[in-house]
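Commentary on secondary and tertiary structure
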Amino acid sequence: FGRMKPVIVVHGGAGRIFKEREEGSRAGVVRAALRGYGILKQGGSALDAVEEAVRSMEDDPHFNAGCGSVLNEKGEVEMDAIIMDGKNLDSGAVSAVKCIANPIKLARLVMEKTKHMLLTDHGAHLFAQAMGIPETPGEKLITERSRERWKKNLEPDSNPEEFQKDLGTVGAVAIDSEGNVACATSTGGLSNKLIGRVGDTACIGSGGYADNGSGATSTTGHGESIMKVVLARLILYHMEQGMSPEMAADTALDYMKTRVGGLGGVIVVNSSGEWAARFSTKQMSWATVKGDQLYYGIYAGERHTKTVDEALRYESEGF
């Protein structure tokens, strides 16, 4: 009695998802949601579930996180990630990390093995070594598509801003059977960004926030805009004022758009297990599992439903 029905919500990034990548993006978020839910269903923690869901998307070259990350001006992958525990507000993050397959794992270790919350660049690299995390050659994380885009953006008449609309940060939020919430977010950042640029993802309250008292959220979109309005925390503030997850998300996204002209997307779960996936961009790939039902979509107003069993069968046969 009194046990929560666990819920997981994931996103694969807000922006413009090109036609030929839709299928892969859908399959990727569904797979991540099912993996995270598998952990929750066995009584696992929200923290483990969001880490696993994000790790699954980092390993998927369709998304701008881990393998498949976009390249900075020098043609290198620099990644940011954050994880947060709603029980005690503990958080761990890394920024500008290179040559690591799963930045979200490193963020979790920062949270659990240090007294700090955010390690960057070289320091994060040393910490990863100390923790025995294997180094992945940078080239291994670079996809043909990321390199093509980087080259295109170097052309004198190119407009990197155009391409930055296809952002693809990944994230997950969950509530477990104990009623604990957690969030996790991971990204390769903006295409052709300056070396050392860190966006919203690694910043607590912007890229994500989790508090058992109200809920958890993970964001995606234009990082600098998200940071200006501290989007993740703003959404939880609205929920603390009594708004539903959907209304809180829409209100905050609307404010970001009118105040600073920024577009983005968010996933939210509140402390009673209600969820939302909302975006002001053209698209955002997302998936949710609640009560053995899977919901997913990419376009505004699109919402497919399957039972978890159907979806798992599907997965083994391919979408």
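This one's a predicted model, so the numbers in the text were calculated from it and none came from an experiment. (Residues numbered from 1 in each chain as written. Predicted model: local features only at pLDDT ≥ 70, side-chain atom pairs only at ≥ 80, totals over all residues. Heavy atoms only, no water.)

Attention now goes to the UniProt feature "active site" (unreviewed entry) in the chain. Mapped onto the present numbering, the UniProt feature "active site" (unreviewed entry) falls on T169. Mapped onto the elements, T169 comes out in the loop between helix 7 (160-163) and strand 5 (170-175). Take T169: its relative accessible area is 5%, and that puts it in the buried class. Setting aside chain neighbours within four positions, we find T169 in contact with H11, G12, G13, N64, T185, S186, T187, T201, T219 and T220. (UniProt positions renumbered as here; feature names shortened; annotations may be inferred. Helix = DSSP H or I, 4+ residues; strand = E, 2+ residues; numbered from the N terminus. Buried < 20%, exposed > 50% of the residue type's maximum accessible area, 1.4 Å probe, protein only. Contact = heavy atoms within 4.5 Å.)

On to the packing of aromatic side chains, then. Tallied over the full model, the rule gives 2 aromatic pairs. One aromatic cluster is present, built from ring pairs that chain together W275, W286 and Y295. Sitting above the plane of the Y295 ring, R303 keeps its charged end 4.8 Å from the centroid. (Phe/Tyr/Trp six-rings, centres within 6.5 Å; stacked < 30°, edge-to-face > 60°. Lys NZ or Arg CZ within 6 Å of the ring centre and 35° of its normal.)

Next up on the list: the packing of helix 2 (residues 46-58) against helix 3 (residues 103-113). The N-to-C vectors of helix 2 and helix 3 enclose an angle of 150 degrees; their axes lie 8 Å apart at closest approach. Taken together, helix 2 and helix 3 sit at an angle that is classed as roughly antiparallel. Across the interface between the two elements, L47, D48, E51, V54, R55 and E58 from helix 2 touch P103, I104, K105, R108, M111 and E112 from helix 3. (Axes fitted to C-alpha atoms, helices over the stretch in contact; angles between N-to-C directions. Parallel < 35°, antiparallel > 145°, perpendicular 65-115°, else oblique.)

In this section: the nonpolar core. In terms of nonpolar packing, the biggest core is built from 51 residues, with I8, V10, I83, L106, A287 and V289 touching the most fellow members. Setting aside chain neighbours within four positions, we find L106 in contact with V94, V97, I100, A124, F127, A128 and I133. Counting 34 residues, the second-largest nonpolar core is a separate cluster that includes M239, L253, V269 and W275. (Core = buried A, V, L, I, M, F, W, Y, C linked by side-chain atoms within 4.5 Å.)

So, on to the pattern of salt bridges. When the charged atoms of two side chains lie near each other, side chains of opposite charge can form a pair. Overall, the coordinates contain 18 salt bridges when judged by the stated rule. In this structure, R197 and E224 form a salt bridge, with 2.9 Å as the shortest nitrogen-oxygen distance. Note that R197 is positioned in the loop between strand 6 (181-187) and strand 7 (208-211) and E224 in helix 8 (residues 223-229), a separation of 27 residues in sequence. Residue classification places E224 among the partly exposed residues on the basis of a relative accessible area of 27%. Where salt bridges share partners, they join K19, E22, R26 and E302 into one cluster. (Salt bridge = Lys/Arg side-chain N within 4 Å of Asp/Glu carboxyl O.)

If you walk across this open sheet you meet the 4 strands as 7-8-9-10, and the pairing is antiparallel. Whereas interior strands pair on both sides, the edge strands pair on one side only; in this sheet they are strand 7 and strand 10 (275-279). For this sheet, the mean angle separating the axes of adjacent strands, direction not counted, is 10 degrees. Where strand 9 (residues 264-270) meets strand 10, 5 bridges bridge the pair, whose relative direction is antiparallel. Each residue of the ladder has a partner; that of V266, found in strand 10, is R278. In the packing of helix 9 (residues 231-240) onto the sheet, the strands contacted are strand 7, strand 8 (215-221) and strand 9, and the crossing angle to strand 8 comes to about 140 degrees. (Pairing = 2+ DSSP bridges.)

Right, let's get into the side chain of K193. Tracing the backbone through its elements, the reader meets K193 in the loop between strand 6 and strand 7. As a buried residue without a salt bridge, K193 has its nearest oppositely charged side chain in E78, at a separation of 4.7 Å. Not counting residues within four places of it along the chain, the set of residues in contact with K193 comprises L71, N72, E73, E78 and G188. (Lys, Arg positive; Asp, Glu negative; His and termini not counted.)

A word on the UniProt feature "binding site: substrate" (unreviewed entry) in the chain. UniProt feature "binding site: substrate" (unreviewed entry): in the numbering of this structure it lies at R197, V198, G199, D200, T220, G221, H222 and G223. Note on placement: G221 falls in strand 8. When its relative accessible area of 1% is taken as the criterion, G223 is described as buried. The residues contacting G223, other than those within four sequence positions of it, are R197 and D200.

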